[in-house]
Structures are given as structure tokens and as C-alpha cells.
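The residues making up each chain are set out below.
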Amino acid sequence: MPPDTKCAKVLAVANQKGGVGKTTATVNLAACFAAEERLKTLIVDLDPQANATTSLGYDTRTLDGSIYDALLRDTDLDGIILPTAVEGLHILPSNLDLAGAEIELVPTFNRERCLQSIISSIEDKYDVILIDCPPSLGLLTVNGLTAAEEVIVPVQTEYFSLEGLAQLVKTIGLVQKSLNPELRLTKVILSMYDARTKLSREVAKEVRAHYGDKVCWQVVPRNVRLSEAPSFGQPIIRYDSSSTGAKAFRALAKEVLYGAA
């Protein structure tokens, strides 16, 4: 990257463990790709909790359509994809309707490839597409992994992180074997990092020992402004451009796109 080809780079942001900073990573990386790197960027909110959608200022109760309609009703995407306050950044939003999709997709033909079909119809319009997968290893996450080329995994620097990461790596292997042989785990992001605590330092050291150069050097620190930004419907680079969190995501976006400095 950056993409030189006609089609978008498709990245799935996944971790079956909730509360690890997955949506924070998706929204803020996407905002940096669009605002700082001038890449046409789309977020696909594949999580029924719809946190990416609300983090960008949309009320999920008033949407005209969502990813649910695209997946299960073949609704035209032109009426669903929404602009954001960040120039060059769009979102394919989610809402609570998606909670039933895990069951409704079961009888669907080629059910693991429904999202792949949707993305293939629009990928020539974007440079980067980020899929915010739900915190589970169900059919929606499998759709996200099947549609993606690369997986980014945010990992909270606390105990049990490696256990959850190992489980996700196993799922990625199964998807590679049967659905998407091109899929690769390329980046692990250490989130909610607090350098003052021995625990954060030890977990970071252990993750790096296991996953080597896949682990980003830039960590995402615990930062109050970063936690506040979603409640104002803004990514951190708009909410507080000079904050520690904003500086971290600018550096992280460059690392994800171009590799470590």
C-alpha cells in the first residue's frame, strides 16, 4: 500500500473479545487514511452494536437503510452508504436489525460470501475499505474475513489477550483453508496501553515475542480524549487533533499503510 490498483485494499478489523478497542481502531485509522493520506476510504460496520456508525455521528434509529438491507434484501448501496464529517470517508452503516442476520443468513446460498459480493460491487470506488467485524466468531465475522485480504487485530494489553488472539488466528486459518486462501494476518495493534503499569509492558512484550514483526511498534495509549470522541460523533483527529490519541493514530495509520518507519 498505498493502493496503485483499481480495486480497494480490503482490511478486516477483528477480535472476538469485546472491549479491546476494535471500533476505535477502525474509525480512527479510517479517518487518518482519508484526512491525512487522501485515500478514498469506506468503513463497513458489520457489528450489530453499530458503534462505528454512532462514532461518526449517525443515529442508528433514523437510518434509511443499513448493511442488513444490503446483505439480506439486496438494497441498492447508493441509498445506504453515507458521507461523514471527514472528507473522503464514507460509512456503510449498521443498526440493531443486523442482530438477526446470523440466523437469517444460515439458509442463504453461499452464505459466507454475501459481504464479499457486496464489496466487489463497490471496491473500484475506494482506495481502502475497512470492515469492523463483530466481537464474535460467528457467520458475520466469517463474512468479514472472507471478503478481506488482510486482518488487523487490536489487542488490549491485559491478561487473556494472547488466548483470544490464538483463537482468532485459528479461525483465520480455517477461513484461509476453505474460503479465502489469500487472507493474511498482517497487523496486531496494542491498544489501551499504559506504559506506567508493569502489566501493559509485560503483555506487550509477550505479544511481540509471539507475533514478531506483525505487531505494530506504535501503540494506542489510554487517553481520555480518545474515549470522549465517539460520544461527540467524531474521530479523534477532528475532536482533538493535538491529543496523544490523535498523534498515535496518525503514526499508526502510516505504519499500517507503509510498514514500520
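Right above here is the structure, for reference.
The following paragraphs examine the structure supplied in this document. Predicted model, so just to flag it, every value in this text is computed and none were measured. (Residues numbered from 1 in each chain as written. Predicted model: local features only at pLDDT ≥ 70, side-chain atom pairs only at ≥ 80, totals over all residues. Heavy atoms only, no water.)

**Side note on the pairing of strand β4 (residues 89-92)**
Part 1 of the reasoning: In terms of strand pairing, strand β2 (residues 41-45) meets β4 through 4 bridges, oriented parallel. Directly across from Val44, in β4, lies its bridge partner Leu92.
Part 2 of the reasoning: As paired strands, strand β3 (residues 82-83) and β4 are joined by 2 bridges and run antiparallel to one another. Across the sheet, the residue bridging to Pro83 is His90, located in β4.
Part 3 of the reasoning: Here β3 folds back onto β4, and the loop between the two strands holds 5 residues, one of which, Gly88, carries a positive phi near 90 degrees. (Pairing = 2+ DSSP bridges. Helix = DSSP H or I, 4+ residues; strand = E, 2+ residues; numbered from the N terminus.)

**A closer look at a nonpolar patch on the surface**
Part 1 of the reasoning: On the surface, Tyr159, Phe160 and Leu199 cluster together into a nonpolar patch covering about 350 Å² of accessible area.
Part 2 of the reasoning: Along the chain, Leu199 turns up in helix α8 (residues 198-211). (Patch = residues over 30% accessible without salt bridge, like charges linked within 9 Å, V, L, I, M, F, W, Y side chains within 5 Å. Areas by Shrake-Rupley, 256 points an atom, 1.4 Å probe, with all protein chains shown as cover. Salt bridge = Lys/Arg side-chain N within 4 Å of Asp/Glu carboxyl O.)

**Re the packing of helix α1 (residues 22-35) against helix α11 (residues 244-258)**
Part 1 of the reasoning: The contact between α1 and α11 brings their axes to 9 Å, and the two run at 80 degrees. With respect to their mutual orientation, α1 and α11 come out roughly perpendicular. From α1, Thr24, Ala25, Asn28, Leu29, Cys32 and Phe33 reach across to α11, where they touch Phe249, Arg250, Leu252, Ala253, Val256 and Leu257.
Part 2 of the reasoning: For the contact of α1 with α11, the per-class residue count stands at 9 nonpolar, 2 polar and 1 charged. (Axes fitted to C-alpha atoms, helices over the stretch in contact; angles between N-to-C directions. Parallel < 35°, antiparallel > 145°, perpendicular 65-115°, else oblique. Contact = heavy atoms within 4.5 Å. Nonpolar A, V, L, I, M, F, W, Y, C, P; charged D, E, K, R; others polar.)

**Focus: the environment of Leu42**
Part 1 of the reasoning: Positionally, Leu42 belongs in strand β2.
Part 2 of the reasoning: By relative accessible area, which is 0% here, Leu42 ends up buried.
Part 3 of the reasoning: A sequence separation of 182 residues divides Leu42 from Val224, and the C-alpha atoms of the two residues are 26 Å apart. (Buried < 20%, exposed > 50% of the residue type's maximum accessible area, 1.4 Å probe, protein only.)

**Some thoughts on the state of the cysteines**
Part 1 of the reasoning: Taken as a whole and assessed by the stated rule, the structure comprises 0 disulfides.
Part 2 of the reasoning: Here Cys32 is not cross-linked by a disulfide; its sulfur's nearest cysteine counterpart is in Cys216, at 13 Å.
Part 3 of the reasoning: Left without a disulfide partner, Cys133 is nearest to the cysteine sulfur of Cys114, which lies 15 Å away. (Disulfide = S-S within 2.5 Å.)

So, to be careful, I would describe these as geometric facts and stop short of saying anything about function.
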